[in-house]
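A structural walkthrough
The lines below spell out each chain.
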Amino acid sequence: MSREPCTALVVEDDPQIRHMLVSALTAGGYQVHEADCAAQGETLAGNRRIDVFLIDLGLPDGDGLELIRRLRGWTQRPILVLSGRTQESEKVDALDGGADDYLIKPFGVAELHARLRVALRHAAQTSHAGRTSLRLGPVAIDLDGKTVTRSGELVRLTGTQWRLLALLAKHANRVVTTRQLLHEVWGPNQSDHAHYLRVYVHQLRRKLEPDANPPTRLLTETGVGYRLVVDD
Ligand code: CA
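Residues numbered from 1 in each chain as written. Predicted model: local features only at pLDDT ≥ 70, side-chain atom pairs only at ≥ 80, totals over all residues. Heavy atoms only, no water.

1. As for the sheet that holds strand 10 (residues 147–150)
Strands sit in the order 8-9-10-11 across an open sheet of four strands; the sheet is antiparallel. Of all strands in the sheet, those with a lone pairing partner are strand 8 (133–136) and strand 11 (153–154), marking the two edges. Two elements, strand 8 and strand 9 (residues 139–142), share four bridges in a ladder whose sense is antiparallel. Looking at the pairing, Leu-136 lines up with Val-139 of strand 9. With respect to the sheet, helix 6 (residues 159–170) is in contact with strand 8, strand 9 and strand 10, its orientation differing from that of strand 9 by roughly 90°. (Pairing = 2+ DSSP bridges. Helix = DSSP H or I, 4+ residues; strand = E, 2+ residues; numbered from the N terminus. Contact = heavy atoms within 4.5 Å. Axes fitted to C-alpha atoms, helices over the stretch in contact; angles between N-to-C directions.)

As structure tokens, this is what we get:
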């Protein structure tokens, strides 16, 4: 069976960044479609088979966030946001709006390809009903059985610790925003309680990390949220 190339849609108005993306993606074996505004991006998205989207947040005819929300109305394909450092809050809004991950400009080609691989792998897994067992070195998480073991020994977690870990595990290798975590673990009116989250993350690190300092598995994404890094 011949494998069709993976198709990417780049929506970016800065010509230099767009050209860099198109050449890096083409060199990586992707078939690339490009747009310099949200309207053109939306048209291409509707007319072509797209496997992964790369969308700039600051577009001349509206913001990328609005485009992401519209795409999420009909596609579950991965969306990577391209964001400037000054767009911290928009980046968080984009993740809450359905984007899978983000790249902060300027970014390198190696980082671009690494993030794309994660996003595409995750999309393939979720389309196969999702993985229910994950490994982080000696730690094994069984989402169905609701158990965690470390070197074969059961790790005891409180209900809240488990809900937090399970949510991060369901979005393995991807950032989950502080807002999402608070909302889903503590409830809809708890968005002001980011300190709860820090306390529980600290507790989970002590149980899961090989060495809690610096963490290598439960990573802080400064100003955004947290990411659980699991083995392939
Ligand atoms: Ca821009």
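2. Some thoughts on the coordination of the calcium ion
On the protein side, the calcium ion has Asp-13 (OD), Asp-56 (OD) and Gly-58 (O) as donor atoms, found 2.2 to 2.3 Å from it. Under the relative-accessibility criterion, Asp-56 is labelled buried at 3%. (Donors = N, O, S within 2.8 Å, 3.2 Å for Na, K, Ca; no water. Buried < 20%, exposed > 50% of the residue type's maximum accessible area, 1.4 Å probe, protein only.)

3. What to know about the domain arrangement of the chain
Assigned domains of the chain: these are domain 1 (7–127) and domain 2 (133–228). With centres defined by C-alpha atoms, the gap from domain 1 to domain 2 works out at 27 Å. Counting residues at the interface gives 13 residues for domain 1, matched by 14 residues for domain 2. Between domain 1 and domain 2 lies a buried interface of about 1,100 Å² when both sides are counted; carbon and sulfur atoms form 46% of it. Here domain 1 is connected to domain 2 by four salt bridges. A salt bridge links Asp-100 to Arg-174, with the shortest nitrogen-to-oxygen separation between them at 2.1 Å. Inspection of the domain 1/domain 2 interface yields six residue pairs in polar contact (both at pLDDT 80 or more). Breaking the side of domain 1 that touches domain 2 down by element, the ones donating at least two residues are helix 4 (88–96), strand 7 (101–104) and helix 5 (109–127). (Domains from an automatic or database assignment. Buried area = accessible area lost by both parts, 1.4 Å probe. Salt bridge = Lys/Arg side-chain N within 4 Å of Asp/Glu carboxyl O. Polar contact = N/O pair within 3.5 Å; in protein donor to acceptor, adjacent residues only side chain to side chain.)

4. Considering the pairing of strand 1 (residues 7–11)
Burial runs high along strand 1: five of the five residues are buried. Burial along strand 1 is two-sided: Thr-7, Leu-9 and Val-11 facing one way and Ala-8 and Val-10 facing the other are all buried. Bridge analysis of strand 1 against strand 3 (residues 52–56) gives four bridges, and the strand direction is parallel. The residue of strand 3 that forms the bridge with Val-11 is Ile-55.

5. Topic: the packing of aromatic side chains
All chains considered together, the criterion is met by two aromatic pairs. Relative to Tyr-196, the ring of Trp-186 has its centre 5.9 Å away and its plane inclined at 45°; by these criteria the two rings are tilted. Of the two residues, Trp-186 sits in helix 7 (residues 178–186) while Tyr-196 sits in helix 8 (residues 194–208), which places them 10 residues apart along the sequence. Each ring, one from Trp-186 and one from Tyr-200, has its centre 5.4 Å from the other, and the planes form 65°; the classification is edge-to-face. Linking Trp-186 in helix 7 with Tyr-200 in helix 8, this pair joins segments that are 14 residues apart in sequence. Members of the aromatic cluster, connected to one another through ring pairs, are Trp-186, Tyr-196 and Tyr-200. For the cation-ring pair, Lys-91 lies above Tyr-102, with the distance from its terminal atom to the ring centre recorded as 4.6 Å. (Phe/Tyr/Trp six-rings, centres within 6.5 Å; stacked < 30°, edge-to-face > 60°. Lys NZ or Arg CZ within 6 Å of the ring centre and 35° of its normal.)

6. What about unusual backbone geometry?
Here the amide bond leading from Lys-105 into Pro-106 is cis, since omega sits at -5°, within 30 degrees of zero. Tracing the backbone shows Pro-106 in the loop between strand 7 and helix 5. Its identity as a non-glycine residue notwithstanding, Ser-151 has a phi of 50°, on the positive side. For Asn-173, which is not a glycine, the phi torsion comes out positive at approximately 70°. Within the secondary structure, Asn-173 sits in the loop between helix 6 and strand 12 (175–177).

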